[in-house]
Amino acid sequence: MPLTRAPHRSYARTPQRFRWANVLPWILLILAIAVSVLPFYWILRTSLSMNASLATNATSLLPVDFNFGAFARVFGLQSTQEAIAQGGSGADINFWVYLRNSVIFASISTAGAVFFSAMAAYAFARLRWRGRNVVFSAFLATMMVPPIFTALPNFLLIRDLGLLNTMVGMVLPFVFMTPFAVFFLRQFFLSMSREVEEAAMLDGAKHFRIFFQIILPNAAAPLATLALLTFIQQWNEYFWPLLVGNSDDVRVLTVGLGVFKSQSPQGAPDWSGLMAATLISALPVLTLFMIFGKKIVNSIGFSGVK
Amino acid sequence: MRASALGLLGAATLTLTACGGGGGGNGSSDALDYWLWDANQLPAYEQCAADFTESTGIDVNITQLGWDDYWSSLTNGFVAGTAPDVFTNHLSRYPEFVANSQLLSLDDVEATASVDTSIYNEGLAELWVAQDGKRYGLPKDWDTVAMFYNEQMIADAGYSAEDLENLTWNPDDGGTYEELIARLSVDQNGVRGDEDGFDPNNVAVYGLGLPGAGEGHGQTEWSYFTATTGWTHTDENPWGTHYNYDDPNFQQSMDWYASLVDKGYMPPLETTVGASMPDTFAAGKSAINVNGSWMIGQYTGYEGVDVSIAPTPVGPTGERASMFNGLADSIYAGTDQPEEAAQLVAYLGSADCQSVVAEAAVVFPAVSSAMDQATAAFADNGVDVSAFTTHVEDGTTFMFPITDHAAQIDGIMAPAMDAVVSGKTPASSLTEANEKVNALFE
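Residues numbered from 1 in each chain as written. Chains lettered and ligands numbered in written order. Predicted model: local features only at pLDDT ≥ 70, side-chain atom pairs only at ≥ 80, totals over all residues. Heavy atoms only, no water.

Novice: Looking at this structure, how should I read the packing of aromatic side chains?
Specialist: Any pair of aromatic rings gets described here by the distance separating the centres and the angle formed by the planes. Per the counting criterion, the structure on display carries 53 aromatic pairs over all chains. Where Phe 105 of chain A meets Phe 174 of chain A, the ring centres are 5.9 Å apart and the plane angle is 85°; that geometry is what we call edge-to-face. Note that Phe 105 of chain A is positioned in helix 6 (residues 95-126) and Phe 174 of chain A in helix 9 (residues 167-175), a separation of 69 residues in sequence. Phe 174 of chain A matches Phe 105 of chain A in its accessibility class, with the two residues each being buried. Through a chain of ring-to-ring contacts, the aromatic side chains of Trp 35, Trp 37, Trp 67, Tyr 70, Trp 71, Phe 78, Phe 87, Phe 97 and Tyr 332 of chain B assemble into a single cluster. The side chain of Arg 186 of chain A reaches across the aromatic face of Phe 136 of chain A, ending 3.9 Å from its centre. Geometry around Tyr 45 of chain B places Lys 140 of chain B over its ring, the cationic atom sitting 4.1 Å from the centre. (Phe/Tyr/Trp six-rings, centres within 6.5 Å; stacked < 30°, edge-to-face > 60°. Helix = DSSP H or I, 4+ residues; strand = E, 2+ residues; numbered from the N terminus. Buried < 20%, exposed > 50% of the residue type's maximum accessible area, 1.4 Å probe, protein only. Lys NZ or Arg CZ within 6 Å of the ring centre and 35° of its normal.)

This is the structure we're talking about:
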């Protein structure tokens, strides 16, 4: 009985006793929260302001001339005249089209990259073949090549294939695999027990079946983690979609926002419109994080311990 | 499991193919693609495109891209063969495009070859004739520079609008112009720049806002000073082959310009990089901004600050000066429809379309006949634009320097000018940069 009561009592007493030693951590914690939340608040505050008044009230903590005009602008619900009257630039942003493109682009690249990387990782982790380690080292070495070096040759290849301004051309460099994904999954696959696999082989299962029915289901957590990480990365990808997908049909949100931001040289951006669009475009990823955040942390911890 | 995974893969492939088809088949195949960067002008040109389609039956797809991405996307398009049929071009870029055979000569296509160029403001059309004697653009607008000022701050400093129209400048002591911006500069303690005890290191309001160091042309930064000393960028214009950054007049002007930062009348260069000058002006951080006529809408659009416009000061030559620049529409050499593209270019540069642009009150139209219309449209919005037009009426404009190697020249001059304006080196260092620039032409 005392064993269970003692911690209970001390738990109840702690808040009443003030300890100087606790002050500093609390201050640091509050500061850290403020520092990470404040930018989001500032985005929200700016997006709810009227752009024409924003600059003259630059230090106001609350939205300036509170209104939802910036959001209306982003969703294409505002006429050009209204937009200019509110301090917008007159540029419109095809938000729903760009959002659709971003979802397609990020989803296809993610689905493809995770699936094919899993196959490759399986080959590197569970199959025995001559030169496996050499190939794997060479493969890992490609992680050292900065993407900027491959951008131009890739661009020319995509051009020669006639795939510019198509979704195929946009996802092609990402859809098959990334060295990081293969490396990440290989580490996990290496740790899986061989007995189950051998039992399946005795039952007559071939590699294909083992891969789909044993390896993949058992790797659900790392696969989900990888999928989320890849999705976020693809969602934020800017350079390649800018190079390859300039037509409105395939332009993704990041590129759309970049175009929306810079208008004529020396001109000031439509800050409230830009912040409204940024806020909305961050929502899908934030939602994914809220749903799967814990799973990611767990799975990373899990694979690390093993 | 296997079946569903394969199904997923199949579905993904289908989606891929579907999207590919959708991306390639954008609109009808014979629609013309037209690009521009200025969103403020987009509504006017959408109207022009609609009128054009109505009279010719040729569809036009307009794409607007911000200035930063515009040129890289365009260059990509040239390489990839996906550049727009017609696009808005800039004087600083087109010589390079011509040199790389990326533009179609407008003399080679009927619709543009027959255009009477005397309808344009004097000098604008000639800028687009390259060294090979062929025309590569039809003018659509022009711009000059002037001073946007904060009415309240000017009044507080004891100046009137009339005073601002009669300013003089010289590179020795800055003339009444420097007196003005000194008076307008206020430090954190409320001491003005022309009073004792002014602290140049803690300035609350700068007399003059600085958009940058101006690279090699200084259009809105210093060219309206340097030109009033009789200095010119190049030995001849267009197509000069010798730059004059080693000229003592020029270097003295630049030393004076850089000294404004030391004196606390202009913000240090590093604090203006990445900042928007109009926004800081509206926030009350500077009293005067010199900028181009294409910025009228931006400066007069702010709520809560009263803005007026005054012409640039008179210099040692006894005259004002402003760079005269203008945009034009060009045709991509790889277009499948040169004749239709030429029809569009001719229409966008015609009095009909220019009158639509004038009504929109965003820029000055290149066609002279639409000028009064534009001035009236600006006046309807409560903006007196005479500070910009006075240069054209008085003949005090000089042309944007057009030469080969523009990109390399910027590459040399941008850091050299930054070093001077940020006070790292005296303007005499520009002699060395000038040698590098002129070596490009040997």
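Read on for the rest.
Novice: Quick question: what am I supposed to make of unusual backbone geometry here?
Specialist: All names here are of chain B. Following Asn 237, the chain continues into Pro 238 via a peptide bond in cis, with omega recorded as 0°. For Pro 238, the location among the structural elements is in the loop between helix 9 (223-226) and helix 10 (248-262). We note that Ala 361 has phi near 50°; this positive angle belongs to a residue other than glycine. Locating Ala 361 in the fold gives a position in the loop between helix 15 (351-360) and strand 13 (364-365). Judged by its relative accessible area of 8%, Ala 361 is buried.

Novice: Help me understand the pattern of salt bridges, please; the structure alone is not making it clear to me.
Specialist: When the charged atoms of two side chains with opposite charge come close together, those side chains can pair. The tally for this structure, following the rule as stated, stands at 9 salt bridges over all chains. In this structure, Glu 197 of chain A engages Arg 126 of chain A in a salt bridge whose closest nitrogen and oxygen atoms are separated by 2.5 Å. With Glu 197 of chain A in helix 11 (residues 194-202) and Arg 126 of chain A in helix 6, this pair connects stretches of sequence that are 71 residues apart. Among the charged side chains, a network of salt bridges with common partners joins Arg 183, Asp 194 and Glu 195 of chain B. (Salt bridge = Lys/Arg side-chain N within 4 Å of Asp/Glu carboxyl O.)

Novice: Explanation requested: the sheet that holds strand 12 (residues 328-331) of chain B in the structure shown.
Specialist: Backbone hydrogen bonds hold the strands of a sheet together, and the pairing may be parallel or antiparallel. All names here are of chain B. Sheet architecture is open: 5 strands sit in the order 2-1-3-12-4, paired in mixed fashion. The sheet terminates laterally at strand 2 (60-64) and strand 4 (138-139), the two strands that pair on one side only. Where strand 1 (residues 32-36) and strand 2 come together, 5 bridges link them in parallel fashion. Note on strand 2: the bridge partner recorded for Leu 32 is Val 60. On top of the sheet, helix 2 (residues 42-56) reaches strand 1 and strand 2; it is set at about 170° to strand 2, its chief contact. (Pairing = 2+ DSSP bridges. Contact = heavy atoms within 4.5 Å. Axes fitted to C-alpha atoms, helices over the stretch in contact; angles between N-to-C directions.)

Novice: Explanation requested: the UniProt feature "transmembrane region" (unreviewed entry) in chain A in the structure shown.
Specialist: All names here are of chain A. The feature "transmembrane region" (unreviewed entry), as given by UniProt, occupies residues 20-44, 103-124, 136-158, 170-189, 210-232 and 271-292 in the numbering adopted here. Helix makes up 85% of residues 170-189 and strand 0%, with an end-to-end C-alpha separation of 30 Å. When the span residues 271-292 is considered, its composition is 100% helix and 0% strand, and the gap between its end C-alpha atoms is 31 Å. (UniProt positions renumbered as here; feature names shortened; annotations may be inferred.)

Novice: What should I look at first to understand the state of the cysteines in this one?
Specialist: Note: disulfide means a covalent bond formed between the sulfur atoms of two cysteine side chains. Residues and elements named next belong to chain B. Taken as a whole and assessed by the stated rule, the structure comprises 1 disulfide over all chains. The disulfide bridge from Cys 48 ends at Cys 353, spanning 2.2 Å between sulfur atoms. Here the disulfide of Cys 48 and Cys 353 is right-handed, its torsion about the S-S bond being about 100°. Of this pair, Cys 48 sits in helix 2 while Cys 353 sits in helix 15, placing them 305 residues apart in sequence. Of the two residues, Cys 48 and Cys 353, neither departs from the other in class, the shared state being buried. (Disulfide = S-S within 2.5 Å.)

Novice: Sorry, what's going on with the packing of helix 18 (residues 406-421) of chain B against helix 19 (residues 430-439) of chain B here?
Specialist: Any two packed helices are characterised by how steeply their axes cross, that is the angle between the axes, and by the distance between the axes. All names here are of chain B. Interaxial distance between helix 18 and helix 19 falls to 10 Å at its minimum, and their mutual angle equals 175°. By the angle between their directions, the pair helix 18 and helix 19 is classed as roughly antiparallel. Each of Ile 409, Ile 412, Met 413, Ala 416, Met 417 and Val 420 in helix 18 lies in contact with helix 19, whose residues at this interface are Leu 430, Ala 433, Lys 436 and Val 437. Looking at the contact of helix 18 with helix 19 residue by residue, the classes come out as 9 nonpolar, no polar and 1 charged. (Parallel < 35°, antiparallel > 145°, perpendicular 65-115°, else oblique. Nonpolar A, V, L, I, M, F, W, Y, C, P; charged D, E, K, R; others polar.)

Novice: Even after reading the chapter, I still don't get the nonpolar core, so can you show me in this structure?
Specialist: Most often, soluble globular proteins keep nonpolar side chains buried together rather than apart. Residues and elements named next belong to chain B. Counting residues in each nonpolar core, the largest one holds 111 residues, and the members touching the most others are Phe 87, Tyr 94 and Ile 331. There are two domains that each give this core at least three residues, and those are domain 1 (3-142 + 326-366) and domain 2 (145-324 + 402-439). With residues up to four places along the chain from it excluded, the contact list for Ile 331 reads Asp 85, Val 86, Phe 87, Gln 102, Leu 103, Leu 104, Leu 106, Val 109, Pro 338, Ala 341, Ala 342 and Val 345. Residues Leu 167, Phe 225, Tyr 245 and Leu 269 belong to the second largest nonpolar core, which totals 54 residues. (Core = buried A, V, L, I, M, F, W, Y, C linked by side-chain atoms within 4.5 Å. Domains from an automatic or database assignment.)

Novice: Explain the interface of chain A and chain B here, please?
Specialist: Quoted interface sizes are often the accessible area lost when the parts come together. Of the residues lining the interface, 44 residues belong to chain A; the matching set on chain B comes to 47 residues. Between chain A and chain B, the buried area comes to about 3700 Å², and carbon and sulfur atoms account for 61% of it. Scanning the region where chain A abuts chain B turns up 0 salt bridges. Summed over the shared surface of chain A and chain B, the result is 4 residue pairs in polar contact (both at pLDDT 80 or more). When residues in the side of chain A that touches chain B are grouped by element, the largest group, 4 residues, is from helix 6 of chain A. Its residues placed into classes, the side of chain A that touches chain B shows 24 nonpolar, 15 polar and 5 charged. (Buried area = accessible area lost by both parts, 1.4 Å probe. Polar contact = N/O pair within 3.5 Å; in protein donor to acceptor, adjacent residues only side chain to side chain.)

Novice: Honestly, the domain arrangement of chain B in this entry has me stumped. Any pointers?
Specialist: All names here are of chain B. Each assigned domain of chain B is listed with its residue range as follows: domain 1 (3-142 + 326-366) and domain 2 (145-324 + 402-439). The C-alpha-based centres of domain 1 and domain 2 are spaced at 33 Å. Taken residue by residue, the interface counts 16 residues in domain 1 and 10 residues in domain 2. Counting each side, the surface lost to burial between domain 1 and domain 2 is near 1200 Å², with a carbon and sulfur contribution of 63%. Where domain 1 packs against domain 2, one counts 0 salt bridges.

Novice: What's the story with the confidence of the model for chain A in this structure? I'm lost.
Specialist: Residues and elements named next belong to chain A. With 89% of its residues at a pLDDT of at least 70, chain A reaches an overall mean of 84. For chain A, helix 1 (residues 2-13) is the element with the lowest average pLDDT, namely 49, and helix 6 is the one with the highest, namely 93. Within the model, pLDDT remains below 50 along residues 1-10, and this stretch shows 0 contacts once partners closer than five positions in the same chain are excluded. (pLDDT = per-residue confidence, 0-100.)

Novice: Where do I start with the confidence of the model for chain B in this structure?
Specialist: Predicted coordinates in areas of low pLDDT are best not read in detail. All names here are of chain B. For chain B, the average pLDDT comes to 89, and 93% of its residues sit at 70 or higher. Here residues 1-28 is a poorly scored stretch, pLDDT under 50, and it has 25 contacts once near neighbours within four places are set aside; other chains count. Reported confidences for the modelled complex are a pTM of 0.82 and an ipTM of 0.75.

Novice: Got a minute to help me understand the side chain of Lys 140 of chain B in this structure?
Specialist: Residue and element names in this part refer to chain B. Turning to its location among the elements, Lys 140 is positioned in the loop between strand 4 and strand 5 (141-142). Here the side chain of Lys 140 touches Thr 88 through a polar contact of 3.2 Å, side chain to side chain. When neighbours within four sequence positions are excluded, Lys 140 is seen to be in contact with Tyr 34, Tyr 45, Thr 88, Leu 327, Ala 328, Asp 329, Gln 354, Phe 364, Pro 365 and Ala 366.

Novice: How should the sheet that holds strand 9 (residues 286-292) of chain B be read in this particular structure?
Specialist: All names here are of chain B. Overall, mixed pairing links the 5 strands, which are arranged 7-8-9-6-10 in an open sheet. What marks the edges here is a single partner per strand, and that holds for strand 7 (186-187) and strand 10 (307-310). In terms of strand pairing, strand 7 meets strand 8 (residues 203-209) through 2 bridges, oriented antiparallel. Counterpart to Asp 187 in the pairing with strand 8 is Val 203.

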